[in-house]
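Summary of structural features
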Amino acid sequence: MGRLSELFEPETVGVIGATDREGAVGRAITANLHEEFAGEVVPVNPSREEVLGLECYPDVTSAPPIDLAVVVVPPPTVVEAIREVAEAGTENVVVITAGFSETGSEGAARERKLREVADEYDLNVVGPNSLGVMATDVGMNATFGPESARPGSISFMSQSGAFITAVLDWANEQGIGFQDVVSLGNKSVLDETDFVREWGEDPDTDVIIGYLEGIDDGDEFVEVAREVTDETPIVLVKSGRTDAGAQAASSHTGAIAGSERAYEAGLEQAGVIRAHSVQELFDYSRALSGLPEPETDGVAVVTNAGGPGVLTTDAVGDSRLGMADFADETIDALSEAMPEEANVYNPIDAIGDADVERFGEALEIALSDQNVGSAVVVSAPTAVLEYDKLAETVIEKREEFDKPVVTCLMGGDRARAAEEVLREFGIPNYFDPSRAVAGLDALARYRDVRERSVDDPERFDVDRERAREIVSRANEREDNRLGIESMDLLEAYGIPTPAGEIVDDPGRAREVAESIEGDVVLKIVSPDISHKSDIGGVRVGVSDEDVYDAYEDVVARARNYQPDATILGVQVQEMLDLEESTETIVGMNRDPQFGPLLLFGLGGIFVEILEDTSVRVAPIGESDAREMIDEIRATPLLRGARGRDPADVDAIVETIQRLSQLVTDFPAILELDVNPLVAGPDGVQAIDLRLTVDTEQL
């Protein structure tokens, strides 16, 4: 264990504010500790000499040394109580008391003082506004909840105390046990990252699960979780999956890549398995805590009932897994072992009169097949089938072949005893076949997490000083937006742009056009006009002799559209051959929790209509950049669909990486769009640029 080991393995727990008053939180916590805790419980209350038969001390100074202090005094006295326990040498504190940042400005000020004291004494503080903590190894229930957790190998954190009490009540019924349980509360000092780090070092924690409403420092969380998931799976429910905030974003990227996309990308990069319900949370964690990872994605289904077998097959089809293709030898062996009426193809239907021996034979033959990575045993209750003996057979075969097997022993009380036996050997039983498959799917997802390789971001040779100068131009603007007049920013980071220049008179526009081979493109340059083509602010295929008139035309249209717009001039730009090219978008939106969120997808006018995009949290390496390209539906266009010449995908990969470095180097860049980034057989060209800058960060 790490820094927080004493939080979960204290020898003495002090309850600061302990009382024997009926209905009081201080009484509930003291009673819970007194009932099961293996160590010493130390009540502290100047108004009591004894609490629930325990000697009560007037203050911390007069009490025995305390390893963990549970503070449940009124809000105005919490900070002073923490200072007193810190000066007495206690480093671990759980603050149960509410009335802090969740209540308004006065509470927020109180919480700031709490953090200051914690920083001053280097304290580990859970809460405030916490239900408390549990550690089943030492029988510690330092909460005011009505239930203690069963012992187990799952460690559980939650931002909601009520969620913990509900889950424990249900888990105890289901026979699901826990190693440690933490109610995070307001997370004033310790947050989800601290507990992921701690439990990742705990050999007794097989799975980390959690309910989170937000992640305070997404960048740090991704870094820590990515390291932990090499050895320990993490499964999280993240609430608040809708986000209206993205509607206020000014760029294409900001509009598409809202906060929920940031969580999706961040958790995926961290190797976290995302559950979308409490049921999924525990369906996944039960499989992950007791079963080996499958070597292949092929699933064998063994059943005595056609309907449930079909349901299981459908569930496999809905997952990332697949129904295993049995080898000829497997089909032959099943044909010899099963009745003539049985189905020997996957799913194996041993028919309704199947007994334990027939189930066992079918399962053994299936697990012997190299194409089978895992199996589901699905059974409806019959008079000839004893569930407890079937459970023993499943356990025997799972251990013999060392492949994950889950069961779906359908029924009520008839299945309960068998379910308990299976649980003891790490095999989860599910009533619904789709949930059984979901457990196997989680195992395969975690296997993929462990097998993936994450490369370090490449550091390109760039001109940071030139880039800094360009970004700093936002200080000279009335607003904080820069546009195509800042294309040199991309060039400073090695992202190719077409030949061209921004001019402020039609005569100079013609001179620039004459210096460029072929026809040109003219675009209005204004930080106030986002959709230039919509208002006629773009002219394509303009010959040298028509440049003068085209210049006047785009300026006039812009002034008619938005008379108060700031017009910096007109960009005269080399016209690219788009016949064999694909318009893509690369961009970034800086998320409050996770930082720079990179986006890649189909660009041009379709970006917000089709929303064919992928996202990652920067910085990223080459493998992540390639995955971003492979994830979009339009990838075949880039690979050369329908006889097209393939685009230079390597150039796109490098551009995404260079953009990753740019937005990581300059935290002042809040949003950035390169749209379109034209990708063709000979490379890429950035045609347009928009960015928003936080001038206070410059």
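For every chain, the first residue of the written sequence is number 1, and numbering continues from 1 along that sequence. Only residues with pLDDT of at least 70 get local features here, since the model is predicted, and only at 80 or more are side-chain atom pairs given and counted; chain-wide, interface and lining totals rely on the full set of residues. Note that water and hydrogens are dropped before the side-chain values are worked out from all heavy atoms of the structure.

Notes on the overall build of the protein chain
Numbering of helices and strands runs from the N terminus; a helix is a DSSP stretch of H or I covering at least four residues, while a strand is a stretch of E covering at least two. Each helix and strand counted, the protein chain has 24 helices and 30 strands in total. Along the first, second and third principal axes, the C-alpha atoms of the protein chain reach 95 × 80 × 40 Å. Partly exposed residues are those whose accessible area sits between 20% and 50% of the maximum for their type, while under 20% is buried and over 50% is exposed, using a 1.4 Å probe and protein chains only. In the protein chain, which comprises 698 residues, the proportion classed as buried is 56%. Residues count as neighbours in contact if any of their non-hydrogen atoms are within 4.5 Å of one another. Of all intrachain contacts in the protein chain linking residues separated by at least 6 positions in sequence, the fraction that spans at least 24 positions is 71%. Here the positive residues are Lys and Arg and the negative ones are Asp and Glu; neither His nor the chain ends is included. A charged residue contributes its charge at one atom only: NZ of Lys, CZ of Arg, CG of Asp or CD of Glu. Looking at the protein chain, you have 55 positive and 140 negative side-chain charges, and the mean spots of the two groups are 4 Å apart.

With respect to the sheet that holds strand 22 (residues 520-525)
Pairing between two strands requires that DSSP report at least two bridges joining them. On the basis of which strands lie adjacent, the open sheet formed by four strands has the order 21-24-22-23 and antiparallel pairing. In this open sheet, the two edge strands, each paired with only one partner strand, are strand 21 (500-503) and strand 23 (538-542). Adjacent strand axes in the sheet meet at a mean angle of 20° when their direction is disregarded. The convention used is that axes are lines fitted to C-alpha atoms, helices contributing only their stretch in contact, and that angles between N-to-C directions extend from 0 to 180 degrees. Where helix 19 (residues 506-514) meets the sheet, it contacts strand 21, strand 22 and strand 24 (569-574), and its direction lies at approximately 175° from that of strand 21. Packed on one face of the sheet, helix 20 (residues 547-561) meets strand 21, strand 22, strand 23 and strand 24 and runs near 30° to strand 22.

Describing unusual backbone geometry
Between glycine 127 and the following residue, proline 128, the backbone shows a cis peptide bond with an omega angle of 0°. Omega for the bond connecting asparagine 346 with proline 347 falls within 30 degrees of zero, at 5°, which places this linkage in the cis form. Here proline 347 is to be found in the loop between helix 12 (328-337) and strand 17 (348-349). In the Ramachandran plot, leucine 52 falls in the positive-phi region, its phi being about 55° despite a non-glycine side chain. Tracing the chain through its elements places leucine 52 in the loop between strand 3 (50-51) and strand 4 (54-55).

As for the packing of aromatic side chains
What describes a pair of aromatic rings is the distance from one ring centre to the other and the angle between the planes of the rings. What counts as a ring pair is set by centres within 6.5 Å for rings of Phe, Tyr and Trp (its six-membered ring), and what kind of pair is set by the plane angle: stacked under 30 degrees, edge-to-face over 60, tilted for all other angles. Summed over the entire model, instances satisfying the criterion amount to 10 aromatic pairs. One aromatic cluster in this structure is built from Phe156, Phe163, Trp170, Phe178, Tyr211 and Phe282. Only when the NZ of Lys or the CZ of Arg is both within 6 Å of the ring centre and within 35 degrees of the ring normal is a charge said to sit over the ring. Here the guanidinium or amino end of lysine 238 rests over the ring plane of tyrosine 263, the centre of that ring lying 4.3 Å away. It is arginine 286 that lies over the ring of tyrosine 430; its NZ or CZ is 4.7 Å from the centre.

A short note on helix 19
Of the residues making up helix 19, those classed as buried are Pro506, Ala509, Val512 and Ala513. Angular distribution of buried residues about the axis of helix 19 spans 115°; they occupy a single face of the element. For helix 19, the elements touching its buried residues are strand 21, strand 22, helix 20 and strand 24. Capping the start of helix 19 is the job of one residue whose side-chain oxygen sits 2.9 Å from the backbone nitrogen of glycine 507: aspartate 505. By definition, the arc is the one covered by directions from the helix axis to the C-beta atoms. Here a polar contact is taken to be a pair of N or O atoms separated by no more than 3.5 Å, where protein atoms must pair a possible hydrogen donor with a possible acceptor and residues adjacent in sequence count only if both atoms sit in side chains.

Observations concerning the packing of helix 19 against helix 20
The geometry of helix 19 relative to helix 20 is characterised by a closest axis approach of 8 Å and an angle of 130° between their N-to-C directions. With respect to their mutual orientation, helix 19 and helix 20 come out oblique. Considering how the two elements wind past one another, helix 19 and helix 20 form a crossing that is right-handed. Residue-level contacts link Pro506, Gly507, Ala509, Arg510 and Ala513 of helix 19 to Val547, Tyr548, Tyr551 and Glu552 of helix 20. Broken down by class, the residue content of the contact of helix 19 with helix 20 amounts to six nonpolar, one polar and two charged. Any angle from 65 to 115 degrees is called roughly perpendicular, while one under 35 is roughly parallel, one over 145 is roughly antiparallel, and all others are oblique. Helix crossings fall into two classes, left-handed where the near helix is turned counterclockwise from the far one by less than a right angle and right-handed where it is turned clockwise. For this scheme, ten residues count as nonpolar: Ala, Val, Leu, Ile, Met, Phe, Trp, Tyr, Cys and Pro. Four count as charged, namely Asp, Glu, Lys and Arg, and the remainder, Gly too, count as polar.

Observations concerning the environment of serine 434
Note on placement: serine 434 falls in helix 16 (residues 433-451). Of the residues examined, serine 434 reaches a relative accessible area of 35% and is grouped as partly exposed. Spatially, the C-alpha atom of serine 434 lies 5.0 Å from that of alanine 315, the residues being 119 residues apart in sequence.

As for the nonpolar core
One finds Phe178, Ile209, Val235, Leu288 and Phe326 to be the most contacted residues of the largest nonpolar core, which totals 81 residues. Not counting the four nearest positions on each side in its chain, valine 235 is found in contact with Val207, Ile208, Ile209, Gly210, Ile273, Ala275, Leu281, Tyr284 and Leu288. Among the nonpolar cores identified, the runner-up in size contains 53 residues, and Leu4, Val41, Val94 and Val182 belong to it. As used here, the term nonpolar core means buried Ala, Val, Leu, Ile, Met, Phe, Trp, Tyr and Cys residues forming a set that is joined through side-chain atoms within 4.5 Å.

Considering the pattern of salt bridges
Any Lys or Arg side-chain nitrogen located within 4 Å of an Asp or Glu carboxyl oxygen qualifies as a salt bridge. This structure, assessed with the given rule, holds 44 salt bridges. Between aspartate 122 and arginine 3 there is a salt bridge; the shortest N-O distance is 3.1 Å. Taken together, the positions of aspartate 122 in the loop between helix 4 (105-121) and strand 7 (124-126) and arginine 3 in the segment before helix 1 (5-8) put the pair 119 residues apart, joining distant regions of the chain. Residue classification places aspartate 122 among the partly exposed positions, given a relative accessible area of 48%. For arginine 468, the salt bridge identified is with glutamate 465, shortest N-O distance 4.0 Å. Of the two residues, arginine 468 and glutamate 465 are both situated in helix 17 (residues 464-471); the distance of three residues between them amounts to about one turn of the helix. We classify arginine 468 as partly exposed; its relative accessible area is 37%. Here the residues in one salt-bridge network are Asp297, Arg320, Asp441, Arg447 and Asp448, joined through shared partners.

Brief notes about the pairing of strand 8 (residues 132-135)
Neither face of strand 8 is open: one carries Gly132 and Met134, the other Val133 and Ala135, and all of them are buried. What sits between the antiparallel neighbours strand 8 and strand 9 (residues 140-143) is a turn of four residues, in which glycine 139 has the positive phi angle 65°.

Section: the side chain of glutamine 573
Within the secondary structure, glutamine 573 is located in strand 24. Since its relative accessible area comes to 3%, glutamine 573 is described here as buried. A polar contact of 3.5 Å, which involves the side chain of glutamine 573, links it to the side chain of glutamine 571. Ignoring any residue separated from it by four or fewer positions in sequence, one finds glutamine 573 in contact with Met487, Pro498, Ala499, Gly500, Ile516, Val520, Val521, Lys523 and Ile687.

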